[in-house]
Amino acid sequence: MTTTANTRGRSAPRLLLNKVPEVTLWFWVIKILCTTVGESFADYINMTLGVGLVPTAVIFTIAFVAVLGLQMRLRTYVPAAYWLTVVVVSVTGTLYTDILTDQVGVPLWISTTVFASMLAGVFGLWYARERTLSIHSIVTTPREAFYWLAVLVTFALGTATGDWTLELTGWGPGQSVLLPLGLIVLLIGLWRFGANPVLTFWLVYILTRPLGANIGDWLATPADEQGLGLGTFGTSVVFLLAILVAVAYLSITKADVIDGATRPEIPDHATPSGDLTRERASLVAIAGLAVGTGLLLTYANNQPHISALDEEATTPSCSGDPASLSATEAHDHVQAAFSGDDVDQFRTLAQDTLGMVETGQVAEAKSRVTDLESAWDDAQSRLVSKDCVTWAYVDGEVDSALTAVRAPHPDPSTESGTLTTLITTLR
């Protein structure tokens, strides 16, 4: 391998065998599996177990540093270490975007712009130092560091771009799979035609993030919301098992190992056909794809729709102020306006949760309060139509109970107090 042009003026870096796998069908299948399990597992820890977004991000940041340290210490590609790092970095990058969106309130278009600029900066520095962005040349520690930094930013960018697409279009989990999948297929076709392999690789790499996340959401979302109803835990287990089987196969067969000691570095301009005319034509086609995608999203955004993200985040606006109600008035309005079956269901779920809190069943209480949240959300439209102000009053009590039970370190007295208040209103 030629390194003179890259190391002039400084000592030559320590050479390694190539630290990443060959880009085969196996690579893309496992990459999508890792992305999907990263999305579903993060949701399971954050929401189902109630750990919380920021604590979950801290946990996975520590895990990322640990597994990346292990990966960087190796001198060659080891499937188990490499793909474990991909799983963890996929969760970590996703959580960083979620914190910006959900905790800080940064609009998704700004997050997308910022992460796109960061990725451009990483690629610029990487290329200025190494004169290549090809993953077939990850044979020095600096190149591997640039590679993993780029991967982290692509996951954050892919999350922001995917969520922004859902915000713009209001597409359901099944529909949302089609756009990134279609773009990936077209990019692979352009690569076969003669597009720049490094450019197409990184574009496809970014697109696998929203594809995998949308697949995970589709599998985990309940059937009555256009999903397959596996849940976040079931989806995580299925995909983790698939990853383990695939990585075990690759560890035994070494079917994706690049012989870094003998294989020459592939130039960034190398194409399947070696035809620069085709490469330039493909670049025009890629620009056309970008324009076409923008027009499609603009059209979808202009159609009547409800964003799935807005649907989760927006509270109906009522003409009255729920704070004007006393506890007694709220109780009387609940009995007068809401269906007895609905009220009985909410009260039973709240009482079950309270019983679990009082007996120290932390995990069971978090699971049961999630059932309460689902039942309350499912009934929202009909309750709001009956009495919006009363619904908003009770919604505040439900939110307080959810926050207390899902706290990273739940306080039993706070949990009991919020649940008892809710039960009293519903009694």
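Note that the coordinates shown come from a computational prediction; the quantities given were computed from them, not determined experimentally.

### Observations regarding the overall build of the chain
Consideration 1: Across its full length, the chain carries 17 helices and 0 strands.
Consideration 2: Taken over 427 residues, the chain has a buried fraction of 46%.
Consideration 3: Roughly 20200 Å² of accessible area belongs to the chain as shown, and the carbon and sulfur atoms make up 64% of that amount.

### So, unusual backbone geometry
Consideration 1: In this structure, arginine 131 takes a positive phi of about 60° despite not being glycine.
Consideration 2: As for its position among the elements, arginine 131 is in the loop between α5 (108–130) and α6 (141–169).
Consideration 3: The partly exposed category is assigned to arginine 131, whose relative accessible area is 45%.
Consideration 4: One non-glycine residue, lysine 254, lies in positive phi territory at about 55°.
Consideration 5: Tracing the sequence through the fold places lysine 254 in the loop between α9 (231–253) and α10 (276–302).

### What about the packing of α6 against α10?
Consideration 1: Orientation of α6 relative to α10, taken along the N-to-C sense of each, is 40°, at an axis distance of 7 Å. With respect to each other, α6 and α10 are oriented oblique. Facing α6, whose interface residues are Thr165, Leu168 and Thr169, α10 presents Leu297, Ala300 and Asn301.
Consideration 2: Residues belonging to the contact of α6 with α10 are distributed by class as follows: 3 nonpolar, 3 polar and no charged.

### As for the environment of serine 40
Consideration 1: Position of serine 40 among the secondary structure elements: in helix α2 (residues 25–48).
Consideration 2: When its relative accessible area of 2% is taken as the criterion, serine 40 is described as buried.
Consideration 3: Along the chain, serine 40 and alanine 213 lie 173 residues apart, while their C-alpha atoms are 7.8 Å from each other.
Consideration 4: Excluding residues within four positions of it along the chain, serine 40 makes contact with Thr232, Thr235 and Ser236.

### Observations regarding the confidence of the model for the chain
Consideration 1: The predicted model of the chain has a mean per-residue pLDDT of 83, with 86% of residues at 70 or higher.
Consideration 2: Per-element averaging of pLDDT across the chain places helix α1 (residues 4–7) at the bottom with 40 and α5 at the top with 94.
Consideration 3: Across residues 1–15 the pLDDT falls below 50, and counting only partners more than four positions away or on other chains, this stretch makes 21 contacts in the model.
Consideration 4: Overall, residues 260–270 carries pLDDT values under 50, and its contacts beyond four positions in sequence, including any with other chains, amount to 24 contacts.

### What to know about the pattern of salt bridges
Consideration 1: Within this structure, the stated rule accounts for 8 salt bridges.
Consideration 2: The salt bridge involving aspartate 342 is made with arginine 382; its shortest N-O contact spans 2.9 Å. In this pair, aspartate 342 sits in helix α13 (residues 340–358) while arginine 382 sits in helix α15 (residues 380–386), placing the two residues 40 residues apart along the sequence.
Consideration 3: A residue is classified by how much of its surface remains accessible, and arginine 382, at 40% relative accessible area, is partly exposed.

### So, the packing of aromatic side chains
Each aromatic ring pair is summarised here by two numbers: the centre-to-centre distance and the angle between the ring planes.
Consideration 1: Inspection of the entire model under this criterion finds 22 aromatic pairs.
Consideration 2: Relative to phenylalanine 201, the ring of phenylalanine 27 lies with its centre 5.9 Å away and its plane at 45°, an arrangement referred to as tilted. With phenylalanine 27 in helix α2 and phenylalanine 201 in helix α8 (residues 197–220), this residue pair connects regions lying 174 residues apart in the sequence. Each of the two residues, phenylalanine 27 as well as phenylalanine 201, counts as buried.
Consideration 3: Measuring from ring centre to ring centre gives 5.1 Å for phenylalanine 346 and tryptophan 376, while their planes differ by 70°; the resulting arrangement is edge-to-face. Here the residue phenylalanine 346 occupies a position in helix α13, and tryptophan 376 occupies one in helix α14 (residues 362–378), the gap between them amounting to 30 residues.
Consideration 4: On the basis of relative accessibility, which here comes to 2%, the residue tryptophan 376 falls in the buried class.
Consideration 5: Positioned over the ring face of tyrosine 205 is lysine 31, at 4.3 Å from the centre of the ring.

Cut-offs and rules
Residues take numbers from 1 onward in each chain, read along the sequence in its written order. Only residues with pLDDT of at least 70 get local features here, since the model is predicted, and only at 80 or more are side-chain atom pairs given and counted; chain-wide, interface and lining totals rely on the full set of residues. The side-chain numbers reported here are obtained from all heavy atoms of the structure, hydrogens and water having been left aside. Here a strand is any run of E in DSSP of at least two residues, a helix any run of H or I of at least four, and the numbering for each starts at the N terminus. Type-normalised accessible area, obtained with a 1.4 Å probe on protein chains alone, sets the label of each residue: buried when under 20%, exposed when over 50%, and partly exposed for intermediate values. For accessible areas, the Shrake-Rupley method is used with a probe of radius 1.4 Å. Any residue's cover is judged against the shown protein chains and nothing else. As a rule, the C-alpha atoms of each element are fitted with a line to give its axis, helices using only the stretch in contact, and angles between N-to-C directions run from 0 to 180 degrees. Roughly parallel means an angle under 35 degrees; roughly antiparallel means over 145; roughly perpendicular covers 65 to 115; every other angle is labelled oblique. Should any heavy atoms of two residues lie within 4.5 Å, those residues are counted as being in contact. Following the grouping adopted for this structure description, the nonpolar residues are Ala, Val, Leu, Ile, Met, Phe, Trp, Tyr, Cys and Pro, the charged ones are Asp, Glu, Lys and Arg, and the polar ones are all others, Gly among them. Note on scores: pLDDT gives the predictor's confidence for each residue, bounded by 0 and 100. One side-chain nitrogen of Lys or Arg within 4 Å of one carboxyl oxygen of Asp or Glu is enough to make a salt bridge. Here a pair means two rings of Phe, Tyr or Trp (six-membered ring of Trp) with centres within 6.5 Å. Their orientation is stacked below 30 degrees between planes, edge-to-face above 60, and tilted elsewhere. A positively charged side chain is recorded as over a ring if its NZ (Lys) or CZ (Arg) lies within 6 Å of the ring centre. The angle to the ring normal must also be within 35 degrees.

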